[in-house]
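# Fold and geometry: a report
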Protein chains: 2
Amino acid sequence: MNCHFHLRAGALVLAIVSSVAAADTPRSVQRWDVFQLELPGPGDGNPFVEVRVSAVFENGGRSVEVPGFYDGGGIYRVRFMPAETGVWRYETKSNRWPLTGQSGTFEVTPAAKGNHGPVRVHGTYHFAYADGTPFQPVGTTIYNWTDTPEEVQEETLKTLATAPFNKARMLLTPQPTPYQKRFAPPRWPFAGQPPHDWDYTRFNPGYFQHYEKRLAQLRDLGVEADVILFNPYGKWGFETMSAERDDAFVRYVVARFAAYRNVWWSLANEYDFLRTKTEADWDRLGALVQASDPFHHLRSIHNGSLIYDHRRAWVTHVSMQNGSAVEEPGRAELYRDAFRKPVVYDEVKYEGQSPYRWGNLSGEELVHRFWCGTVAGTYVGHGDYFLVNEDTWTSFGGRLKGTSAPRLAFLRKIMEEGPAGGLDPIDRWQDPRVGGRPGDYYLIYFGREAPTSWPFRVYKNGVTAGMKFKAEVIDTWAMTITPIEGEFRAVKADNYYFVDAQGRAVTLPGKPGMAIRLRRVGPDGHPAKPGSLIDPT
Amino acid sequence: MNCHFHLRAGALVLAIVSSVAAADTPRSVQRWDVFQLELPGPGDGNPFVEVRVSAVFENGGRSVEVPGFYDGGGIYRVRFMPAETGVWRYETKSNRWPLTGQSGTFEVTPAAKGNHGPVRVHGTYHFAYADGTPFQPVGTTIYNWTDTPEEVQEETLKTLATAPFNKARMLLTPQPTPYQKRFAPPRWPFAGQPPHDWDYTRFNPGYFQHYEKRLAQLRDLGVEADVILFNPYGKWGFETMSAERDDAFVRYVVARFAAYRNVWWSLANEYDFLRTKTEADWDRLGALVQASDPFHHLRSIHNGSLIYDHRRAWVTHVSMQNGSAVEEPGRAELYRDAFRKPVVYDEVKYEGQSPYRWGNLSGEELVHRFWCGTVAGTYVGHGDYFLVNEDTWTSFGGRLKGTSAPRLAFLRKIMEEGPAGGLDPIDRWQDPRVGGRPGDYYLIYFGREAPTSWPFRVYKNGVTAGMKFKAEVIDTWAMTITPIEGEFRAVKADNYYFVDAQGRAVTLPGKPGMAIRLRRVGPDGHPAKPGSLIDPT
């Protein structure tokens with residue numbers, strides 16, 4: 001073939017493609033939904049490495065260049081998540097004629113009910129959806145669920161539909177599991193022959209199409225997908241690719257997934273166990289995710305034994321494995337100060353019956369850890385490590401067996417009834433049992449203590465004499481909330497504290513796992529309005 | 001005046017100065033002592049800003065350029081701390097003729113007893129002197145002691161001569177104290193009129209000469225001087241200088257003090273309360289200290305409420321204010337992981353009777369915090385906040401009144417008898433009560449627990465079946481060490497632990513503040529050799 005022929009053939013295809021694209025391209029899309037351009041183009045050679053395609057989207061005020069990707073069968077796609085309503089225009093760019101210069105307009109309509117946009121960091125230590133709705137993660141772990149028999153995947157979705165979880169950590173590339181000794185993974189991310197003969201320059205679009213289907217289903221269930229790009233477990237070779245292939249993998253995945261509003265990027269699980277990569281590699285890859293994602297999804301990296309430098313600019317929040325840090329709230333709050341970002345204790349050991357101590361917490365202990373993290377102004381993640389369907393929920397989904405989930409639903413409801421901006425330590429480094437908002441809201445968790453009485457006492461910040469508070473006693477395990485008769489009226493006790501004017505105390509049942517909720521009584525005699533929309537940042 | 005005249009006058013002075021300098025320059029100096037060049041030069045104009053002087057020192061293998069400084073009265077000095085014995089040659093450089101091109105040789109003799117060189121970071125989380133002698137900081141706080149009546153300063157030195165402290169935190173510029181309401185500070189760091197009319201371009205050499213005298217006295221007592229360059233307290237203007245004057249101040253101080261081997265640089269106390277400076281300013285100043293100090297002393301920055309990003313390259317170790325972090329060892333170990341540097345909890349509240357909660361710990365509580373930090377593989381600092389001599393030890397030295405110091409001497413002895421490389425968490429994130437060296441040495445601190453028995457149990461790392469251990473019961477308050485009869489022989493209990501072959505336990509007295517020391521018994525029937533010299537790094 002010669003260049004002249006190429007050029008003419010390309011021009012011819014362009015004419016055809018343009019009309020096809022125009023016909024197939026949707027005319028409108030919901031705000032924060034996926035607007036997809038489908039672009040026929042060259043299928044010969046290796047389109048994954050030879051063809052670059054992107055589109056510029058603009059609405060008059062804003063212009064965003066969005067990278068596209070090859071989806072196999074001669075089809076290229078560019079996916080756009082519009083952040084603003086109104087008319088948008090697009091125009092494609094490529095190093096191949098058929099994919100260049102295609103343009104059109106579409107309308108972005110307001111988000112429907114339940115679509116709050118992507119989650120962002122809010123107020124240094126917390127999260128909110130793009131529309132300002134608070135997001136308080138109550139996450140779970142289903143590492144390999146997309147890689148299990150179809151009926152288990154469906155069961156997983158059914159479980160999530162009624163479970164308390166609004167975030168799920170999931171691996172992107174397969175991990176060997178006991179189940180896989182009987183069933184080989186049904187699909188692989190790269191072209192080639194399992195288990196080790198891969199062409200890392202060619203992705204398997206079917207693998208990602210399947211994964212995307214699951215991402216969309218999680219989204220429709222209100223579950224954020226914390227997608228883990230690299231993991232040390234596979235041993236199929238995906239963890240030891242060259243830097244060039246790692247970069248290409250990141251670009252491909254981000255181009256495919258970034259328009260799904262519920263995607264979070266978790267660069268790696270137990271990154272430090274992936275010994276072929278250095279911290280400089282992770283910094284490069286993290287910065288690449290940041291640079292490649294036009295929609296700025298949350299980015300984190302999850303540790304094994306060595307904690308990452310979460311102050312790095314590309315890291316949006318701390319994804320921490322350290323169970324000991326949520327054994328009591330005084331520990332949990334320390335990493336907030338160290339990193340000045342939201343802290344999500346994504347792995348605090350699992351509820352279960354593993355012979356290993358990372359997977360044999362009691363339900364009570366896991367619930368305790370959630371409460372410790374919560375009053376410290378951090379967030380905690382769940383895992384269920386009981387054998388079900390030949391493996392565990394945490395490893396491959398299916399159904400839950402532990403006793404913590406209903407208590408986490410109870411906690412989540414309390415969190416959602418709390419201040420829109422989340423909880424912060426009220427008297428930091430002094431009384432870590434108390435999280436809240438000064439003067440308005442206090443959640444006091446007594447943990448392993450078993451007090452029979454709590455003399456009313458609040459730290460001075462935000463409090464003035466005469467303020468009135470209503471108290472409720474919360475049993476975190478029995479899931480009861482018992483209002484206390486009457487009101488507490490604040491009077492100054494000393495340099496630091498206000499106490500009740502009549503010296504009253506809250507009576508407690510003398511058992512562990514108890515909490516108190518204090519809410520200031522407004523002028524109408526009712527506690528302040530519970531958590532709702534906040535100004536988006 | 002014209003340039004020609006200047007040049008000839010300069011050349012003439014040079015000839016005279018060279019012979020003077022040769023006569024006054026010492027012919028030999030001890031390794032890591034101060035070798036000082038005294039150089040007469042121009043005293044007119046403003047030598048602090050107009051004259052630059054330095055000297056290059058070389059010994060054949062190594063060449064170090066050392067900045068000098070103007071010491072008033074027409075005298076310039078260059079101070080050199082030689083790190084290697086043998087013959088060294090120097091040659092001066094300057095932008096003024098009389099100070100240029102002076103050269104000579106001198107001999108560096110071996111360090112005498114008690115001179116171990118400067119302290120360096122050793123083994124990521126610990127310290128050692130340059131000669132490899134372990135250094136385990138047991139620090140105290142005497143912020144304004146150089147600025148008190150002479151007799152109080154002398155009393156401070158007498159106290160330190162028998163106190164357990166091997167490090168002292170001290171401000172460089174004055175802080176208003178109750179005592180100063182009666183006595184104005186005897187000297188000021190800048191030329192001008194107190195309290196606010198300063199010429200920031202002219203230092204007061206007498207101020208620094210006095211400070212250096214105290215540095216040398218601390219050195220001779222074996223006390224590291226943790227010199228705090230900036231503080232938010234003065235309100236005399238030294239805390240709100242321009243960036244240019246801050247930089248000049250840092251350069252001047254480093255040129256003066258860096259040859260004192262016991263100097264540590266603490267960039268600021270409660271840096272975040274110094275609201276005229278940004279974190280970028282602190283990074284600039286920290287990097288400037290690093291670049292200006294040819295002898296690479298330790299560098300840190302101390303927080304108020306906002307914790308610094310101690311991962312920054314210029315920070316050698318963490319200087320932390322957070323009392324809550326050493327209330328139990330499980331908290332104390334967390335910052336080690338976050339920053340991967342030695343952690344010194346320099347301010348954990350003070351023993352004392354302050355009406356404020358930062359200064360009213362009991363002696364028992366402060367000793368408890370030291371032990372928590374110690375078994376967590378970190379270091380803790382002392383303060384004594386009882387009124388003595390119209391002020392407190394922590395504010396201005398004098399004498400101690402608290403009850404903790406003898407117990408810290410007891411602890412320091414135990415630390416120094418321990419492993420040369422310091423203590424690390426033995427079973428990190430699992431049993432924070434235990435610090436030590438796997439298989440060799442265990443220090444178990446029970447804190448507020450009051451057990452009556454401790455069934456022998458050690459984590460598997462470094463342990464093999466059949467190893468024998470001797471145990472001692474330590475009362476951290478009564479300062480007793482009680483050996484337990486017989487030996488414990490390790491047998492594997494499960495995935496994680498070894499226990500005693502005969503199921504023996506250590507009997508404890510059922511009160512708080514108890515510890516156990518386990519040492520492996522060597523082939524000669526005695527515990528391994530206690531801490532001594534380690535390979536310097």
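Residues numbered from 1 in each chain as written. Chains lettered and ligands numbered in written order. Predicted model: local features only at pLDDT ≥ 70, side-chain atom pairs only at ≥ 80, totals over all residues. Heavy atoms only, no water.

## Quick word on the relation of the copies chain B and chain A
- When chain B is fitted to chain A, the residual RMSD is 0.0 Å, and the transformation amounts to a turn of 180° plus an axial shift of 0.0 Å. Taken together, these values place the two copies in the relation of a two-fold axis. The rotation axis passes nearest to the C-alpha of Arg331(B) in chain B, at a distance of 2.5 Å. (Least-squares fit on C-alpha atoms with pLDDT ≥ 70 in both.)

## Quick word on helix α8 (residues 363-375) of chain B
All names here are of chain B.
- Here α8 spans 19 Å end to end across 13 residues, near enough to the 18 Å set by a 1.5 Å rise per residue.
- The buried fraction of α8 amounts to 12 of the 13 residues, a majority that puts the element mostly inside the structure.
- Those residues of α8 not exposed but buried are Gly363, Glu365, Leu366, Val367, His368, Arg369, Phe370, Trp371, Cys372, Gly373, Thr374 and Val375.
- In the segment just after α8, glycine 377 is the residue with positive phi, at about 80°. (Helix = DSSP H or I, 4+ residues; strand = E, 2+ residues; numbered from the N terminus. Expected span 1.5 Å × (residues − 1). Buried < 20%, exposed > 50% of the residue type's maximum accessible area, 1.4 Å probe, protein only.)

## Here's the deal with the sheet that holds strand β18 (residues 318-321) of chain B
Residue and element names in this part refer to chain B.
- Strands sit in the order β18-β19-β21 across an open sheet of three strands; the sheet is parallel. Of all the strands in the sheet, just β18 and β21 (379-380) have a single pairing partner and so form its edges.
- Direction of pairing for strand β19 (residues 343-347) relative to β21: parallel, over a ladder of two bridges. When the bridges of β21 are listed, tyrosine 345 appears paired with valine 380.
- The sheet strands contacting helix α7 (residues 329-339) are β18 and β19, and the helix crosses β19 at an angle near 125°. (Pairing = 2+ DSSP bridges. Contact = heavy atoms within 4.5 Å. Axes fitted to C-alpha atoms, helices over the stretch in contact; angles between N-to-C directions.)

## A word on helix α4 (residues 205-220) of chain A
- The terminal C-alpha atoms of α4(A) lie 22 Å apart, and with 16 residues this matches the ideal 22 Å at 1.5 Å per residue to within 8%.
- Gly222(A) sits one or two residues past α4(A) and shows a positive phi near 80°.

## Some thoughts on the interface of chain B and chain A
- Taken together, the contacts link 37 residues of chain B with 37 residues of chain A.
- Summed over both partners, the interface of chain B with chain A comes to about 3,000 Å²; 44% of that surface belongs to carbon and sulfur atoms.
- It is Leu334(B), Arg357(B) and Trp429(B) that lose the most area in chain B upon contact with chain A, and together they represent 25% of the buried surface on that side.
- The interface formed by chain B and chain A contains six salt bridges.
- Salt-bridge contacts for Arg331(B) lead to Glu328(A); the nearest nitrogen and oxygen are separated by 2.5 Å.
- One can count 21 residue pairs in polar contact (both at pLDDT 80 or more) joining chain B with chain A.
- Looking at the side of chain B that touches chain A element by element, the count peaks at seven residues for α7(B). (Buried area = accessible area lost by both parts, 1.4 Å probe. Salt bridge = Lys/Arg side-chain N within 4 Å of Asp/Glu carboxyl O. Polar contact = N/O pair within 3.5 Å; in protein donor to acceptor, adjacent residues only side chain to side chain.)

## Structural notes on the pattern of salt bridges
- Counted under the stated rule, the structure contains 90 salt bridges over all chains.
- When the shortest N-O distance is used, the salt bridge between Glu244(A) and Arg245(A) registers 3.8 Å.
- Where Asp427(A) meets Arg357(B), a salt bridge forms, and the shortest distance between an N and an O atom there is 2.7 Å. Of this pair, Asp427(A) sits in the loop between β25 (424-425) and β26 (434-437) while Arg357(B) is found in the loop between β20 (351-352) and α8, placing the two residues in two different chains. With respect to burial, Asp427(A) and Arg357(B) carry one shared label: buried.
- It is possible to trace a salt-bridge network through shared partners that takes in Glu38(A), Asp71(A), Arg77(A), Arg79(A), Glu212(A) and Arg256(A).

## Comments concerning the confidence of the model for chain A
- Across chain A, the average pLDDT comes to 93, with 94% of residues at 70 or higher.
- The ipTM assigned to the predicted complex is 0.93, against a pTM of 0.94. (pLDDT = per-residue confidence, 0-100.)

## As for the side chain of Asp391(B)
Residues and elements named next belong to chain B.
- Mapped onto the elements, aspartate 391 comes out in strand β24 (residues 391-392).
- By relative accessible area, aspartate 391 is classed as buried at 3%.
- At a separation of 3.3 Å, a polar atom in the side chain of aspartate 391 contacts the side chain of serine 395.
- Not counting residues up to four positions away in its chain, the partners in contact with aspartate 391 are Thr177, Pro178, Tyr179, Phe386 and Phe396.

## A few points about the packing of aromatic side chains
- Using the criterion set out here, one finds 104 aromatic pairs over all chains in the structure.
- Judged by centre distance (4.8 Å) and plane angle (85°), the ring pair of Trp188(A) and Trp236(A) falls under edge-to-face. Here Trp188(A), found in the loop between β12 (167-171) and β13 (190-193), pairs with Trp236(A), found in the loop between β15 (224-230) and α5 (243-257); they are 48 residues apart in sequence, far enough to count as distant.
- Its relative accessible area of 10% is what places Trp188(A) among the buried residues.
- Residues Tyr271(A) and Tyr308(A) carry aromatic rings whose centres are separated by 5.1 Å and whose planes lie at 90° to one another, so their mutual orientation is edge-to-face. In this pair, Tyr271(A) is assigned in the loop between β16 (263-268) and α6 (279-292) and Tyr308(A) in the loop between β17 (299-300) and β18 (318-321), connecting sequence segments 37 residues apart. Assigned by exposure class, Tyr271(A) and Tyr308(A) land together as buried.
- The positively charged end of Arg336(A) is found above the aromatic ring belonging to Tyr125(A), 3.8 Å away from the centroid.
- Here the guanidinium or amino end of Arg357(B) rests over the ring plane of Tyr496(A), the centre of that ring lying 4.1 Å away. (Phe/Tyr/Trp six-rings, centres within 6.5 Å; stacked < 30°, edge-to-face > 60°. Lys NZ or Arg CZ within 6 Å of the ring centre and 35° of its normal.)

## Structural notes on unusual backbone geometry
- Following Pro194(A), the chain continues into Pro195(A) via a peptide bond in cis, with omega recorded as 5°.
- Here Pro195(A) lies in the loop between β13 and β14 (197-203).
- Positive phi is not limited to glycine here, since Met479(A) has a value of about 65°.
- As for its position among the elements, Met479(A) is in the loop between β30 (468-475) and β31 (480-483).
- The class of Met479(A) is partly exposed, set by a relative accessible area of 31%.
- Positioned with a positive phi, Trp429(B) is a non-glycine residue whose angle comes to about 70°.
- Here Trp429(B) lies in the loop between β25 (424-425) and β26 (434-437).

## As for the pairing of β19(B)
All names here are of chain B.
- With five of its five residues buried, β19 lies for the most part within the structure.
- Here three bridges tie β18 to β19, and the two strands are oriented parallel to one another. When the bridges of β19 are listed, glutamine 321 appears paired with glutamate 347.
- Crossover connection from β18 via α7 to parallel β19: handedness right-handed. (Right-handed = clockwise from strand over helix to strand, strands pointing away.)

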